[in-house]
Amino acid sequence: VNSRQHPLEIPPPSGKDWPKEEEENFFLLDPDRKRDVLPQPFRMIHKLVMQVFESAVEIIEKREMLREAQKRKVQPVKCFPTAEFQVTERASCLAVSGEYIFVGLSVGLAAFSRCDFKDVCAWDAAQTEICAIHASALGNECHVLLAVDEMGLAWLFCFHKENFLLIKTLNEVEDISQRSLCVEVVLSRGGDYAGILLQGNTEAWLEIYQLPKDSWLTEVEENSEAAEELACSERRSSSSSVVHNSSISLCALPVPAIQDDIKLDPPELLLTVRPPKPITGTSFKGPLDALKEVGDGSTLGLGYNHLIKDSQWELQDAIFCSTYQEYLEAEGVTKEEMPRYATFHFLLPSRILMGPEMEVEPDIPVGIGVHWYGNHNFCLYLLNPSLKDKAGSDLKPDVVWPCAAPIACSAVSSCSRYLALAGEDATITIWDKHLGYPLSVTAILEERFIRSIHFL
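About the thresholds
Residues numbered from 1 in each chain as written. Predicted model: local features only at pLDDT ≥ 70, side-chain atom pairs only at ≥ 80, totals over all residues. Heavy atoms only, no water. Helix = DSSP H or I, 4+ residues; strand = E, 2+ residues; numbered from the N terminus. Buried < 20%, exposed > 50% of the residue type's maximum accessible area, 1.4 Å probe, protein only. Contact = heavy atoms within 4.5 Å. Areas by Shrake-Rupley, 256 points an atom, 1.4 Å probe, with all protein chains shown as cover. pLDDT = per-residue confidence, 0-100. Salt bridge = Lys/Arg side-chain N within 4 Å of Asp/Glu carboxyl O. Polar contact = N/O pair within 3.5 Å; in protein donor to acceptor, adjacent residues only side chain to side chain.

Comments concerning the overall build of the chain
Along the chain, the regular secondary structure elements total 8 helices and 20 strands. For the chain, buried positions account for 34% of its 456 residues. Taking the intrachain contacts of the chain between residues at least 6 apart in sequence as the baseline, contacts between residues at least 24 apart amount to 51%. Of the roughly 30700 Å² of accessible surface on the chain, a fraction of 55% belongs to carbon and sulfur atoms.

The structure is reproduced here in structure tokens:
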């Protein structure tokens, strides 16, 4: 039996003081709890909006970091063109010499003045596209130009007083099937020498020409003076005709700078450099024969003066192929062919290329440096070879610069003292050509192939 002793009363509410406690301890509450209180789908929408907002903030921060890093970098100077000139045809190449700009067009050549950028003259007799052009100043408003067209012909011009004079097409032959293509031309500074690299059906070779610039300057000056005298006589005759006949107006005749039918002396072929032949078995009977060849002035660095027989070469090749047969099958064996491309430079006087008794001028080249594609040797040839070497079909280098790896590209400094050789093993070596020893060796990252190198 339950007997109630006190009267029935309503109990006080249990959450009476809760709002006050929340206000005092609001900083201890989890803000995500309020989000969890939201019903679906508002919780999912809130989550997606927050993700988008956070991603946008990250993108903005990255862009600001990149912008700040870009500001800290040294900004290059922006150069804007100060003048421009219009060409009538499509331009493919250009060269600057003295006060003129020579442009190779789709139908010939054009010359522009650097003072007012106006068209001075043009040459379109052959109606051929000029793909490469080199120019050098000879002095007395005379310039020499060496150009290559789309058919592989090398054109030699003399530009004098706003006129193009065609001197010679260096590789032109009567039979087109026997024509060799010009793939590279180099003009020495000062216009003393010119070199062209020619490719035939099965071989390639390098031809070096000496340009008779002194005779050119004399001939064009004499012709220019004769043209001016002729123009003066025509003016005097025109003036006398005006006196006798007043109805005829006096017209100032233009003074031709040079006659079109002038014939300049052709260049002289100095050297014909062919790629080195593959090394084969020895033809010497003993060491004395090999030493006689060396003492006779032949070059030892090309590797021809050896005593290895053909049977030894064959045995060595057989051992190599049997040892690395699986690698050779994976890579594929290619037959060694004669190189068909070369890089060459004109070199100024140095201790290596000249003897103590030679008298040379410091600004005129005395030799060339050549390296053929895939070859280890950098060969140096003098530009005044002996009669014996000139008469022979196979010109031998005067100096051989051997390298550990095949030479990929090379460069010579403007003073012609420093030589840079980049090998196929991505190693760059800077040589002092005067003293003959390396200054620095730099190895690039592995699996990199150096295609070009330049001195700044």
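A word on the confidence of the model for the chain
For the chain, the average pLDDT comes to 79, and 76% of its residues sit at 70 or higher. Counting contacts from residues 242-259, a segment whose pLDDT is below 50, to residues more than four positions away or on other chains yields 23 contacts.

A word on the pattern of salt bridges
For the structure on display, the rule yields 4 salt bridges. The closest approach of N and O atoms between glutamate 203 and arginine 274, which form a salt bridge, is 3.5 Å. A residue pair is termed long-range when its members are at least 10 positions apart, and glutamate 203 in the loop between strand E10 (193-199) and strand E11 (204-210) and arginine 274 in the loop between strand E12 (268-273) and helix H5 (287-295) qualify at 71 residues. Given a relative accessible area of 33%, arginine 274 falls into the partly exposed group.

Observations regarding the environment of histidine 376
Tracing the sequence through the fold places histidine 376 in the loop between strand E14 (367-372) and strand E15 (377-382). In this structure histidine 376 comes out as partly exposed when scored by relative accessible area, which is 32%. Separated by 48 residues in the primary sequence, histidine 376 and glutamate 424 have C-alpha atoms spaced 9.7 Å apart. Those residues in contact with histidine 376 that lie beyond four places of it in its chain are Trp401, Pro402, Cys403, Ala404, Ala405, Pro406 and Ile407. At 3.5 Å, the side chain of histidine 376 forms a polar contact with the backbone oxygen of alanine 404.

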